[in-house]
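Per-entry structural report
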Amino acid sequence: MTPPPPQTGPPLLEMRGITKRFPGVIANQDVDFDVRAGEVHTLLGENGAGKSTLMKILFGLYQPEEGEVLLRGEPIDITSPSEAIDARVGMVHQHFMLVPTMTVAENVALGIKSDRGPLTDLDAVSERIREISEAHGLAVDPDVEVWRLSVGERQRIEIVKALFRDAELLVLDEPTAVLTPQEVDDLFVILRRMTEEGRGIIFISHKLHEVMALSDRITVLRNGRVTGHTVPAETSRENLAEMMVGRAVKLSPHRPDVTPGAPRLKIRGLSVVGDRGTRAVDQVDLDVFGGEILGIAGVSGNGQRELAEVVAGLRKPEPGTSIELDGQAIDSASTRERRDLGLSYVPEERMRDGAIGDFTVSENIILVDHGSEKFSASGLLNFGAIKDHCNKLVEQFAVKTPSIETPTSSLSGGNIQKVIMARELSAGPAVLIASQPTRGVDIGSAEYIHERLVEQRDRGTATLLISEDLDEVLGLSDRIAVMFEGRVVAIVDHDDATREGIGLLMAGVFDEEPATT
Amino acid sequence: MRKLVAGAIPLLAALVAFLIGALMLVAIGASPWEGLKALVDGAFGDTNALAVTAVKATPLLLVGAGITIAFRASVINIGGEGQIVAGALLSTMVALLVPDLPAILLVPLVLIAGLIGGGIAGAIPGALKAYASVNEILSTIMLNLVMVQLMNYLLRGPLIDPLEVEAGTRIPQTERLSDNAALPTLIEGTRLHLGVVIALLAAVAAYVLLWRTPLGFRLRAVGHSPEAAKAAGIKVKQSTTAALAISGSLGGLAGAILVFGSEGQRMVTDGSSAGFTGSAGFNGIVAALFGGLHPLWTIPSSFLFGGLLTGATNLQRVLQVPAALAVALNGIVVVFVVSSGRVRERLEQFTSKRAELNAALKDGDS
Ligand SMILES: Nc1ncnc2c1ncn2[C@@H]1O[C@H](COP(=O)(O)OP(=O)(O)O)[C@@H](O)[C@H]1O
Ligand SMILES: [Mg+2]
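Residues numbered from 1 in each chain as written. Chains lettered and ligands numbered in written order. Predicted model: local features only at pLDDT ≥ 70, side-chain atom pairs only at ≥ 80, totals over all residues. Heavy atoms only, no water.

Focus: the domain arrangement of chain B
All names here are of chain B.
- Taken domain by domain, chain B comprises domain 1 (1–29 + 321–366) and domain 2 (59–209 + 236–304).
- Computed over C-alpha atoms only, the centres of domain 1 and domain 2 are separated by 23 Å.
- Taken residue by residue, the interface counts 20 residues in domain 1 and 21 residues in domain 2.
- Among the residues domain 1 hides against domain 2, the three largest losses belong to Phe 350, Arg 354 and Leu 361. Together they make up 32% of the total.
- Counting every contact that joins domain 1 to domain 2 gives 1 salt bridge. (Domains from an automatic or database assignment. Contact = heavy atoms within 4.5 Å. Buried area = accessible area lost by both parts, 1.4 Å probe. Salt bridge = Lys/Arg side-chain N within 4 Å of Asp/Glu carboxyl O.)

In structure tokens, the structure reads:
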């Protein structure tokens, strides 16, 4: 950790007494925040703490009700992103602002004023993108259309976009969410180099070890207010978590030792063609035993999603694939039949595949089992039984909702995920596929979901945990399979796994002889 | 309360439409006040008028209730006309086949035949959509044309009244069907018959189906999010087919009721489907939209539209205004209803959900 450079002149950015209200919430309340040239100042806080709002104010997307913004000591009124860009403020948004039908170069060129009048020289743009991506080790192809890219690749483009505009103050809103540890390290090297060039960086994250590794200073937000200022040398992850959540938090769930039984999910030669027409999964063999969590680590877009969908029966594998659940071949079974055999599935895209936003909480809880004898009698839904069941689960899974009749879309991401977990775990599944179970979920809910996954494992469920969050995979899994370009390149025991080792494998650095089960 | 306010918006739209109708009356030199009185009297003035209104509302309500089911599953059914005809034809054939069954058996039998006939006519575009990605808007409209031709062929040939052949007049109609199949009149001296009650029950049944049964739950799940439904193990293709089949069967029931609730007690064609259905296959859609695509709200909405139909006939008779005016008035109401904010929002929502469903049907094999 380099110590903060000596203060010379006014800070690059100063935000004073910022207050911003939305109907029913105060997103920022009297927030002071400053960034000096040459430092990384981290804004840490749970989902909904108000981090993005503060940055959107800086970027001219929102106007604060109170407070002022000073750039290089001068008060400035930023009313639109183009003004922010002119003031050399660059922003990598949490939700990518890319046009899917356009190429990477076209997206980067969007909104850039060209010397040559209305026509932008796309070839020159492509050339610069190549230079930038080369210089910073961010692999992007400028000529590919954005819709073809994975989430991780899109994020890289956002970073390139800001670098392209030569921002002096760079805001990165949760930039590492989809990067491998190596990529994160590379990014940190880039960011460090940028601070040495005298740029200031605002880094937003809720990943504590990253925050500890990168920051010069840390400001913690909770419910719109600043709850603490600190520097890494004077704090700890536990300490930061407590400042974020407002109470003591367990960071990794307790894992009692369970001896795995027979393989409950057996996958042989699984191959599948993905949406892009290429092989997304290539000859994968996996055994998941009862009482274990098999974590799949990998950068998004390396076949994990397709693998999960094939096992769930939502995507057809290539011939030659064999999948067995408790010894029964299920490769030609429908999703319904698989679920009847004890398969549960927590999909990656929560709001698209996991829950129906317009349905009530109780309707989403019975989405799978609504036709079972438990919930229907003589052709009619049994609302008494449904209500009892749903109230019980909402309580058991600590879902924060006004009632079970509340439309699901009005719940927070973490609570929606708890609703889905409640549904998928309530039947006591034989096999559970959990894809990105805590992505975008607040720490409290994530902690809770982790405990549930472990509890379910202890009850004998075979869990296939797919996650881009390496901490999650390392913290929960008994074994870790690493996927790279559609193949399982290694399977590592929990005790032998290190962040660095797994990270290298995720990045495609491995001996040519892939490991076997 | 919010529901009540929302329900009032289409009513406002209707009011504005009536105002425009009044202006039209002024334009052709008639008194708008007299016109309104004639319209309301004709529709709701006495028991008899009410009975006629109810009878006119019956096919609208049945088709409309079916539309609400289709819409909730994110499919649209423009095939009401064909489904009415299909139900009418099948029930007519049943009545011709077993005319001597006692009424207690024959009445339910012809009604069931109507349900089945319309159900088949709905299931065909449903299955085509689900399993072959054929656009149901096109296929249901096409099936309307096919069913008219089938009706004309059958009524001119195989099913024609033998007396018409004997007399050489060859009017395309069946013989007078068995009285045992006639829907009993509920109030002597009026035309109010059992069909009206059946339509009311059907609307309630549609509500129960959608919100109280596992099948309806699945239809709504698919309608809201085919992706989430699929991931939960719901069979999207089956559900899509079922939605159109059920929707069609209610149209078919309307067809049977049109035949066996009519004074003629027979099926006649003038060559067009509207000649037999009175365009209920289309107007039912509007009634459903006017009712906010809720089966129970479709009840008052259908009665309103039924009233408009009977009232317009009276208006025409009393004020001696051209029949075209009644048609225009009906059209204006439709335009206002469909363009009122709430309905438009609904339609937009529907369009995007339907696109999701189409995408889901194309890839998965559930
Ligand atoms: N455009 C908006 N309208 C209404 N509420 C908003 C809007 N943007 C954010 N909020 C609310 O403000 C609070 C802070 O949100 P945000 O700044 O996105 O948090 P963070 O980035 O820390 O997760 C949340 O309660 C969020 O629901
Ligand atoms: Mg945010």
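Focus on the sheet that holds strand β20 (residues 462–467) of chain A
Residues and elements named next belong to chain A.
- The strand order across the open sheet formed by 6 strands is β16-β19-β20-β13-β21-β22, and the pairing between neighbours is mixed. With partners counted over all chains shown, the strands left at the sheet margins are β16 (343–346) and β22 (487–493), one partner each. When the angles between neighbouring strand axes are averaged without regard to direction, this sheet yields 15 degrees.
- For β16 and strand β19 (residues 431–435), the ladder comprises 4 bridges, and the chain directions are parallel. Following the sheet pairing, Leu 343 is matched in β19 by Val 431.
- The sheet strands contacting helix α9 (residues 304–312) are β13 (292–297), β16, β19, β20 and β21 (479–484), and the helix crosses β16 at an angle near 145 degrees.
- The sheet contacts of helix α15 (residues 443–458) involve β13, β19 and β20, and relative to β13 the element is tilted by about 130 degrees. (Pairing = 2+ DSSP bridges. Helix = DSSP H or I, 4+ residues; strand = E, 2+ residues; numbered from the N terminus. Axes fitted to C-alpha atoms, helices over the stretch in contact; angles between N-to-C directions.)

Points about the site of ligand 1
Residues and elements named next belong to chain A.
- For ligand 1, the full set of nearby residues is Phe 22, Val 25, Ala 27, Glu 46, Asn 47, Gly 48, Ala 49, Gly 50, Lys 51, Ser 52, Thr 53 and Tyr 62.
- In this structure, an oxygen atom belonging to ligand 1 sits 3.2 Å away from a main-chain N or O atom of Ala 49.
- A total of 560 Å² of accessible area belongs to ligand 1 in isolation, and the protein chains cover 66% of it.
- Elements represented by at least two residues in the shell around ligand 1 include exactly β2 (25–35) and α1 (51–58).
- In terms of residue class, the shell around ligand 1 is built from 5 nonpolar, 5 polar and 2 charged. (Near = heavy atom within 4 Å. Polar contact = N/O pair within 3.5 Å; in protein donor to acceptor, adjacent residues only side chain to side chain. Areas by Shrake-Rupley, 256 points an atom, 1.4 Å probe, with all protein chains shown as cover. Nonpolar A, V, L, I, M, F, W, Y, C, P; charged D, E, K, R; others polar.)

Re the environment of A:Leu286
All names here are of chain A.
- Secondary-structure assignment places Leu 286 in strand β12 (residues 279–289).
- The exposure class assigned to Leu 286 is buried, which follows from its relative accessible area of 1%.
- Residues Leu 286 and Val 488, 202 residues apart in the sequence, show an inter-C-alpha distance of 8.6 Å. (Buried < 20%, exposed > 50% of the residue type's maximum accessible area, 1.4 Å probe, protein only.)

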